[in-house]
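# Structure at a glance
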Amino acid sequence: SQQGEEDPQALSIQEGENATMNCSYKTSINNLQWYRQNSGRGLVHLILIRSNEREKHSGRLRVTLDTSKKSSSLLITASRAADTASYFCALSGAGSYQLTFGKGTKLSVIP
Amino acid sequence: DGGITQSPKYLFRKEGQNVTLSCEQNLNHDAMYWYRQDPGQGLRLIYYSQIVNDFQKGDIAEGYSVSREKKESFPLTVTSAQKNPTAFYLCASSPQLTGNNQPQHFGDGTRLSIL
């Protein structure tokens, strides 16, 4: 099963700034999902984007998907200290029942 | 409120000992999953189950065993055959298997360490 690769591995920004993190992959997908993990906690689902979709929004979150480039991005606008967490992309491969996770981007939002 | 409960939060294993991690969900989900997370790493799938009395191996099943006797429960046993069990273990569930465009809901994990 393939794994997504997040970039950057770590990101530090000031409160109020926007944060962008990217996920690249190599083979066909059924859907791509983004999750957040606070330190020592479980993962929380943020957004699911299907392979035939190009963009989705949820509050301050915007996810794009470019299947021709095999990449996705997660944008968090007007970041807050509470957004400090690790963010993972997870891939559901075409024809697969598994969800494979990348190593994540660690976001630090400085008050 | 519906959710997934994992227990215990912290667990210590002695050499040669089997330990069992509990996972209970009240979301009425059919599919359940066990993942292992090592520091600075993504999640790796250990086992998954799409229905009661059925489960499948994931990418790193060696040294682990599971059962699915009830829809709500999916316990994971870390056996003595797992030589490097120290990790953070996460249980998840979804209405159906993820291939059907289903997000997964996670518990808060169990941290397992070797004594």
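Above this note sits the structure.
Here's what I pulled together on the structure shown here. Small disclaimer: the values here were computed from a predicted structure and weren't measured.

## Observations concerning the overall build of chain B
Along chain B, the regular secondary structure elements total zero helices and 11 strands. Counting from the amino terminus, chain B carries its helices and strands in the arrangement β-β-β-β-β-β-β-β-β-β-β. For 115 residues, the compact-globule estimate of 2.2 N^0.38 gives 13 Å, and the C-alpha radius of gyration of chain B, at 13 Å, lies within 12% of that figure. Dimensions along the principal axes, computed over C-alpha positions, put chain B at roughly 40 × 30 × 25 Å. Taken over 115 residues, chain B has a buried fraction of 50%. Considering only contacts within chain B whose residues lie at least 6 apart along the sequence, 54% involve residues at least 24 apart. In the form shown here, chain B has an accessible surface area of approximately 5,400 Å², with 45% of it arising from carbon and sulfur atoms.

## A closer look at the sheet that holds strand S7 (residues 61-66) of chain A
All names here are of chain A. With antiparallel pairing, the five strands of this open sheet are ordered in space as S1-S3-S8-S7-S6. Where the open sheet ends on each side, the last strands, each with one partner, are strand S1 (5-7) and strand S6 (55-58). The sheet shows a mean angle of 15 degrees between the axes of neighbouring strands, direction not considered. Where S7 and strand S8 (residues 71-76) come together, six bridges link them in antiparallel fashion. In the strand pairing of S8, aspartate 66 is matched with serine 71.

## Observations concerning the interface of chain A and chain B
Contact with chain A, which involves 22 residues of that partner, is made by 24 residues of chain B. In total, about 1,900 Å² of surface goes out of reach between chain A and chain B, with carbon and sulfur atoms giving 51% of it. Scanning the region where chain A abuts chain B turns up one salt bridge. Along the contact surface separating chain A from chain B lie seven residue pairs in polar contact (both at pLDDT 80 or more). Elements represented by at least two residues in the side of chain A that touches chain B include exactly strand S4 (29-37), strand S5 (43-50), strand S9 (85-93) and strand S10 (99-101) of chain A. Its residues placed into classes, the side of chain A that touches chain B shows seven nonpolar, 12 polar and three charged.

## Some remarks on the state of the cysteines
Residue and element names in this part refer to chain A. Throughout the structure, instances matching the rule amount to two disulfides over all chains. The partner cysteine of cysteine 23 in its disulfide is cysteine 89, sulfur to sulfur 2.1 Å. Sign of the S-S torsion, about 60 degrees for the bond between cysteine 23 and cysteine 89, identifies this disulfide as right-handed. You can see cysteine 23 sitting in strand S3 (residues 19-24) and its partner cysteine 89 sitting in strand S9, a full 66 residues away along the chain. Summarising the burial analysis for this pair, cysteine 23 and cysteine 89 share the class buried.

Scoring rules and cut-offs
- The residue count restarts for each chain, going from 1 along the sequence in the order it is written.
- Each chain is given a letter, starting from A, and each ligand a number, starting from 1, according to the order in which they appear as written.
- Only residues with pLDDT of 70 or above have their local features reported here, since the model is predicted, and side-chain atom pairs are shown and tallied only from 80 upward, although totals for entire chains, interfaces and linings are computed over all residues.
- Values reported for side chains reflect all heavy atoms of the structure, with hydrogen atoms and water molecules removed beforehand.
- Strands are runs of DSSP state E lasting at least two residues, helices are runs of H or I lasting at least four, and both sets are numbered from the N terminus onward.
- As defined in this context, the radius of gyration uses C-alpha atoms, and a globule is described by 2.2 Å times the residue total to the power 0.38.
- Exposure classes here rest on a 1.4 Å probe applied to the protein chains alone. A residue is buried below 20% of its type maximum, exposed above 50%, and partly exposed in between.
- Contact criterion: two residues are considered in contact whenever any of their non-hydrogen atoms come within 4.5 Å of each other.
- Per-residue and other accessible areas were derived by the Shrake-Rupley procedure at a 1.4 Å probe size, with only the shown protein chains allowed to occlude residues.
- DSSP bridges decide pairing: two strands pair if at least two such bridges lie between them.
- What counts as an axis is a line fitted to C-alpha atoms, over the stretch in contact for a helix, and the angles between N-to-C directions run from 0 to 180 degrees.
- Buried area counts how much accessible surface, traced with a 1.4 Å probe, disappears from two parts once they are put together, with both parts' losses summed.
- The term salt bridge refers to a pairing of a side-chain nitrogen on Lys or Arg with a carboxyl oxygen on Asp or Glu at a separation within 4 Å.
- Think of a polar contact as two N or O atoms within 3.5 Å of one another; within protein, one of them needs to be a possible hydrogen donor and the other a possible acceptor, and neighboring residues in sequence only count if both atoms come from side chains.
- Residue type decides the class: Asp, Glu, Lys and Arg count as charged, Ala, Val, Leu, Ile, Met, Phe, Trp, Tyr, Cys and Pro as nonpolar, and the leftover types, Gly among them, as polar.
- Any two cysteine sulfur atoms within 2.5 Å of one another count as a disulfide.

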